[in-house]
Protein chains: 2
Amino acid sequence: MAVHVFDAAMALQPQGADRFAGHCGRSYWNAVGPFGGISAATMLNAVLQHPALLGEPVSLTVNFASGLAEGPFTISARAARTNRSTQHWMVELQQTGAQGGAPETVLTATVLTAVRRSTWSGSDVPMPEVPGPATLPPGERMIPLEWLRHYEVLPVVGGIPKDWDGAENDGGPDQASLSRFWMRDHPERPLDFCSLAALADVFYPRVFLRRAFRVPAGTVSMTVYFHAGAAMLRDCGSDYVLGQARGQFYHAGFFDQTAHLWSRSGVPLASSTQVVYYKE
Amino acid sequence: MAVHVFDAAMALQPQGADRFAGHCGRSYWNAVGPFGGISAATMLNAVLQHPALLGEPVSLTVNFASGLAEGPFTISARAARTNRSTQHWMVELQQTGAQGGAPETVLTATVLTAVRRSTWSGSDVPMPEVPGPATLPPGERMIPLEWLRHYEVLPVVGGIPKDWDGAENDGGPDQASLSRFWMRDHPERPLDFCSLAALADVFYPRVFLRRAFRVPAGTVSMTVYFHAGAAMLRDCGSDYVLGQARGQFYHAGFFDQTAHLWSRSGVPLASSTQVVYYKE
């Protein structure tokens, strides 16, 4: 069976002693570097591939310190603390620049994994009622970027603005920067923790929607909390996931946005938040 | 002038080469260790004290890997990447156990600092309209914990349940786990990045409120995004800050909750999210 483009993009070769080697290609290329979601997935993948791994991911924070370039990189993933049922990881991706020299840090991350057990469960963020994916027109790429070739994204509300007219959208806090998308990998691929982390980053910068203005912008830090276990993700198969994103506060070059993801049947899968640089 | 109890609690002595020494005392003691907010402030303080610091904090993620014990600790704070206007830090707190042996990691953190500049600004999370702090009865400690002696907390809604009757509160997603508090240090202390980070952690676990059930619970990872600069924080002086917290998804031993903080005059100061362990 051919390797899925997603798996190829985040593939790592163990180098022993907490080290992994990978290669950044063009398959998930964004404007000036790879899609942040594939970078987040790759950092998480290092932890999931580690022989000392305990449990499943609960929390992932990835910091985008610089632009990843096409070419080889190395990741160090170290279990800073292992308890009876939880484990805390520090992860760092380094790459040697085109001019050579010492490797430089491009991404940092922390990951919490845990052996989970059954407890009371609940949700205070209801899944929005939206039309099913079959009722929506087939997705076309919102922006002609390479990475979007590998996703089906069906906007329910909050697709990328068609008119970049700079008309500030302040029509109510619940709507001004709201997007709801049905999303999945293309070609289809069974959902797992890495692809879920990447899906949490599919939402384009809220400042585009809020201002109908294409200001230069890029994620600088993203946190994903996983609210489903591996078995639950397997149950999702390669079906669509519903994602909802909203902006929060915008100030002096940085704003933040949240995302929530549910299975088609309404199971909470992940919540996420990210802080994004914007130029003006 | 006497040193404020908050400054004493997060005080660090530079040890050269990215290292700092500190001491965990009882002044901000919680049930089985210090209040998470003082630990978060201490990790941030290491970065802010570092001679190589560039700019002001934008993002802080702290992972609570184990319980900090009374006694000395060391922090390493390393600038993993320094760009022209941003800097990415990796921070780790280690402590030697009561039985001696090698130091073990207790807290990990990543911090993004940046030189910010003026841009368009906005908010998609309106400050709730609430009665001013002077109209509320003087705060009494919600829970008889040492750290709450050092805060004034005036609940507007969502104070800690008085009846622990296990009556699950699912009366609407906006209300089930909502708290709004006026808060400030006690005694009064001018607001700064460290105290703001700590204030983002004042909200007790949402699972208490949601279930009116005191299940063992503790924060395992917290992220704070700063939306104000140092000058804006100085303008707040030691006035009350309004904080709002809500729970999100609860599943298999971990749930997450958000927090938003505004100055009394309505300026967005910080947004935060945390994932919390709960036992049953």
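Residues numbered from 1 in each chain as written. Chains lettered and ligands numbered in written order. Predicted model: local features only at pLDDT ≥ 70, side-chain atom pairs only at ≥ 80, totals over all residues.

### Quick look at the overall build of chain A
Keep this limit in mind: Comment: elements are numbered from the N terminus, with helices defined as DSSP H or I runs of at least four residues and strands as E runs of at least two. Restricting the calculation to C-alpha atoms gives the radius of gyration, and the globule rule supplies 2.2 Å times the number of residues raised to the power 0.38. Any residue with 12 or fewer other C-beta atoms within 10 Å of its own C-beta is exposed, any with 20 or more is buried, and the rest are partly exposed; the C-beta atoms used are placed from the backbone. Any residue pair is listed as a contact if its two C-beta atoms, each placed from the backbone, are within 7 Å.
Within chain A, the secondary structure is distributed over five helices and 13 strands. For 280 residues, the compact-globule estimate of 2.2 N^0.38 gives 19 Å, and the C-alpha radius of gyration of chain A, at 18 Å, lies within 12% of that figure. Principal-axis analysis of the C-alpha atoms gives chain A an extent of 55 × 50 × 40 Å. Counting over 280 residues, chain A shows a buried share of 52%. Sequence separation of 24 or more characterises 71% of the internal contacts of chain A that already satisfy a separation of 6 or more.

### With respect to the relation of the copies chain A and chain B
Which entries qualify depends on this criterion: Only residues with pLDDT of at least 70 in both copies count here: their C-alpha atoms drive the least-squares fit that superposes the copies.
Of the transformation superimposing chain A on chain B, the axial component is 0.0 Å and the angular component is 180°, with the fit at an RMSD of 0.0 Å. Each copy turns onto its partner about a two-fold axis. A share of 100% of interface residues in chain A that are also interface residues in chain B marks the association as one of identical surfaces.

### A short note on helix H2 (residues 36-49) of chain B
What counts, and what does not: Any helix carries an expected span of 1.5 Å times its number of residues minus one.
In this model, H2 of chain B (14 residues) spans 20 Å end to end at C-alpha, consistent with the 20 Å of a helix rising 1.5 Å per residue. The element H2 of chain B is largely enclosed, with a buried count of twelve among its 14 residues.

### Digging into the domain arrangement of chain A
Residue and element names in this part refer to chain A. Which entries qualify depends on this criterion: Per the annotation, domain bounds derive from an automatic or database assignment of domains. Under the scheme applied, nonpolar residues are Ala, Val, Leu, Ile, Met, Phe, Trp, Tyr, Cys and Pro; charged residues are Asp, Glu, Lys and Arg; polar residues are all the others, including Gly.
The domain boundaries assigned to chain A delineate domain 1 (5-114) and domain 2 (133-278). Measuring from the centre of the C-alpha atoms in domain 1 to the corresponding centre in domain 2 gives 22 Å. Contacts between the two partners involve 27 residues from domain 1, matched on the other side by 24 residues from domain 2. Those elements giving two or more residues to the side of domain 1 that touches domain 2 turn out to be helix H1 (5-9), helix H2 (36-49) and strand E3 (56-64). Across the side of domain 1 that touches domain 2, the residue classes break down as 17 nonpolar, eight polar and two charged.

### Quick word on the interface of chain A and chain B
Under the convention used in this document: Between any two strands, pairing holds if DSSP finds at least two bridges.
Taken together, the contacts link 57 residues of chain A with 57 residues of chain B. Classifying every residue of the side of chain A that touches chain B gives 20 nonpolar, 26 polar and eleven charged. When strand E11 (residues 241-251) of chain A meets strand E7 (residues 122-123) of chain B, the two strands line up antiparallel, connected through two bridges. The residue of E7 of chain B that forms the bridge with Tyr-250 of chain A is Gly-122 of chain B.

### Some words on the confidence of the model for chain A
To be explicit about the condition: As a per-residue measure, pLDDT tells how confident the predictor is, with possible values from 0 to 100.
Of the residues in chain A, 98% reach a pLDDT of 70 or more, and the chain-wide mean stands at 94. Scored as a complex, the prediction yields pTM 0.97 and ipTM 0.97.

### Focus: the nonpolar core
Soluble globular proteins: nonpolar side chains tend toward being buried together. As a reminder, the rule being used: In this description, a nonpolar core means buried residues of the types Ala, Val, Leu, Ile, Met, Phe, Trp, Tyr and Cys, linked to one another by C-beta atoms lying within 7 Å.
In this structure, Leu-196 and Ala-197 of chain A together with Leu-196 and Ala-197 of chain B are the most contacted members of the largest nonpolar core, which totals 166 residues. Residue assignment places this core across two domains, with domain 1 (5-114) and domain 2 (133-278) of chain A each supplying three or more. For Ala-197 of chain B, the contacting residues outside a window of four places in its chain are Gly-37, Ala-40, Ala-41, Leu-44, Leu-60 and Val-224 of chain B.

### Concerning the environment of Glu-168 of chain A
Residues and elements named next belong to chain A. Tracing the sequence through the fold places Glu-168 in the loop between strand E8 (151-157) and strand E9 (179-185). Of the residues examined, Glu-168 has 13 C-beta atoms within 10 Å and is grouped as partly exposed. Separated by 43 residues in sequence, Glu-168 and Arg-211 place their C-alpha atoms 4.3 Å apart. Beyond its immediate chain neighbours, meaning those up to four positions away, Glu-168 contacts Arg-210 and Arg-211.

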